[in-house]
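Residues per chain are reported as follows:
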Amino acid sequence: MLEPLWAALGGGLDWIFWTAGFLSIITYVVPVLFQSLVLDKLENNLKKKYDAEWALVTGASSGIGRAIVEKLAQQEVNVVMVALDDQLLADSHADLCKMYPNLKFIKLGCNLGGGDYMTPIIEGTKDLNIQLVFNNAGFIVVGKHHEVAEGRSFANFECNATSPMKITRHFAKEMVDKKLRGLIAFTSSSAGFVPNPLSSLYASTKSFLTLFGTSVAAELRSSGVDVVVVHPSPIASNFFDGAGTLDVLMSFKKLAVGPSVIADVIFSSAGRFVVRDQGLVTILFRVVLKFVDFNFFCELVARTAHFSGDFNKDHSKKKA
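Residues numbered from 1 in each chain as written. Predicted model: local features only at pLDDT ≥ 70, side-chain atom pairs only at ≥ 80, totals over all residues. Heavy atoms only, no water.

1. A word on unusual backbone geometry
Located in the positive-phi region is Asp-51, a residue other than glycine, with phi close to 50°. We note that Leu-198 has phi near 80°; this positive angle belongs to a residue other than glycine. Note that Leu-198 resides in the loop between strand 5 (182-187) and helix 7 (200-220). By relative accessible area, which is 8% here, Leu-198 ends up buried. (Helix = DSSP H or I, 4+ residues; strand = E, 2+ residues; numbered from the N terminus. Buried < 20%, exposed > 50% of the residue type's maximum accessible area, 1.4 Å probe, protein only.)

The following block contains the structure:
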């Protein structure tokens, strides 16, 4: 008597599962293909789009940040360069001033990992209309969370998560109050999609950036301020200097592309999409999590991570 009912219910469940799977894949793949095959071929001049004269870039002295500054300069936008107050910033600033003598570059040396970095940023930009903000600075700390020095962990969290929040709040308010159109960009990471034992703060701060950025995007859109969050695949930059000897991270280095690739993606996505996944690694992470439930994936990581060579290597270092 129950067999017809069970058969009908089973058929309905099959339809539900197939539909859910199809929608999950198609709503991801179609935008990705459009972005890669169409969007990236179309010029997106931010100076013209937002009538912008000034931009601010964090982590501006090297890597993705330096590539963003150069791309802004190519579009004739003046740039405030925020980075650690070291020789690298001084050299980058000098190089850019020589390369683009008709533009203005202001260097603000400060440590986004601690101290009062907002005062010099606010003071250094108080007479400028900053309409393009690139929250790009960040670094990775490797090791078990409870074994990493407390100050190092706090600095990592401050730089990766707290400083973008403070910088975004200040400049978003400036743009809204002055009724200026603008863009706020976040360099996030596919590391924020999944648990990352031995680099837990990096993954969690990047996850925060993604959700913070996409939430703020909804709040600012009606005011004419766009937000874009980019998840890069591995990039050939100083990022890997902090990866230590983690085999998992260093294996991704073989797939790394140049920083200018990410700068191009950020620019092409500005005002067109809120979230952008760049590269094969990021896209594969996304697809895997469409086939494997996130909660189940977390269980797998928690129960198997200690078998990895990196985990054991970390133990041997402690004993040594």
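On we go from here.
2. Topic: the confidence of the model for the protein
As a general rule, the predicted coordinates of low-pLDDT regions are not to be interpreted in detail. Of the residues in the protein, 87% have a pLDDT of 70 or more, and the chain-wide mean is 89. Long-range and interchain partners of residues 315-320, a stretch whose pLDDT sits below 50, account for 3 contacts in this model, where long-range means more than four residues apart. (pLDDT = per-residue confidence, 0-100. Contact = heavy atoms within 4.5 Å.)

3. Remarks on the packing of helix 5 (residues 118-125) against helix 6 (residues 150-178)
Here helix 5 crosses helix 6 at 25°, and the two axes come no closer than 11 Å. Of the possible angle classes, the one that applies to helix 5 and helix 6 is roughly parallel. Relative to helix 6, the crossing made by helix 5 is right-handed. In this structure, helix 5 contributes Met-118, Ile-121, Ile-122 and Thr-125 to the contact, and helix 6 contributes Lys-166, Ile-167, His-170 and Phe-171. For the contact of helix 5 with helix 6, the per-class residue count stands at 5 nonpolar, 2 polar and 1 charged. (Axes fitted to C-alpha atoms, helices over the stretch in contact; angles between N-to-C directions. Parallel < 35°, antiparallel > 145°, perpendicular 65-115°, else oblique. Left-handed = near helix turned anticlockwise from the far one by under 90°. Nonpolar A, V, L, I, M, F, W, Y, C, P; charged D, E, K, R; others polar.)

4. Notes on the pattern of salt bridges
In a structure, side chains of opposite charge can pair up when their charged atoms sit close to one another. Within this structure, the stated rule accounts for 10 salt bridges. Across the pair Lys-173 and Asp-177 runs a salt bridge, and its minimum N-O distance is 2.9 Å. Taken as a pair, Lys-173 and Asp-177 lie in helix 6 at a separation of 4 residues, close to a single helical turn. With a shortest N-O distance of 2.7 Å, Arg-286 and Asp-277 are connected by a salt bridge. You can call Arg-286 partly exposed: its relative accessible area is 24%. (Salt bridge = Lys/Arg side-chain N within 4 Å of Asp/Glu carboxyl O.)

5. Considering the layout of surface pockets
Taken as a whole, the second largest pocket encloses approximately 200 Å³ of empty space. Contributions of two or more residues to the lining of the second largest pocket are made by helix 7 and helix 10 (279-291). With 4 residues, the single largest contributor to the lining of the second largest pocket is helix 7. (1 Å grid on protein atoms, 1.4 Å probe; cavity = no way out; pocket = protein on both sides within 12 Å on 5 of 7 lines; lining within 4 Å. Points joined across faces, edges and corners; volume = space filled by probe spheres on them.)

6. Things to note about the sheet that holds strand 5
Spatially, 3-2-1-4-5-6-7 is the arrangement adopted by the 7 strands of the open sheet, whose pairing is parallel. Edge positions in the sheet fall to strand 3 (105-109) and strand 7 (275-277), since each of these pairs with one other strand and no more. On average, each strand axis in the sheet is tilted by 15° relative to the strand beside it, whichever way the strands run. Strand direction decides the pairing type here: strand 5 and strand 6 (residues 225-231), joined by 6 bridges, are parallel. (Pairing = 2+ DSSP bridges.)

7. A few points about helix 6
With 29 residues, helix 6 ought to run about 42 Å at 1.5 Å a step, and its terminal C-alpha atoms sit 40 Å apart, in line with that. The largest bend in helix 6 amounts to roughly 45° and is located at Glu-158. (Expected span 1.5 Å × (residues − 1). Bend = angle between axes of the 7 residues up to and from the residue.)

8. With respect to the pairing of strand 6
The element strand 6 is largely enclosed, with a buried count of 7 among its 7 residues. Of the two faces of strand 6, the one lined by Val-225, Val-227, Val-229 and His-231 and the one lined by Asp-226, Val-228 and Val-230 are each fully buried. Handedness of the crossover is the feature at issue here: the chain leaves strand 5, passes through helix 7, returns alongside strand 6, and the resulting connection is right-handed. The pairing of strand 6 with strand 7 spans 3 bridges and is classified as parallel. When the sheet's bridge partners are listed, Val-229 is paired in strand 7 with Val-275. (Right-handed = clockwise from strand over helix to strand, strands pointing away.)

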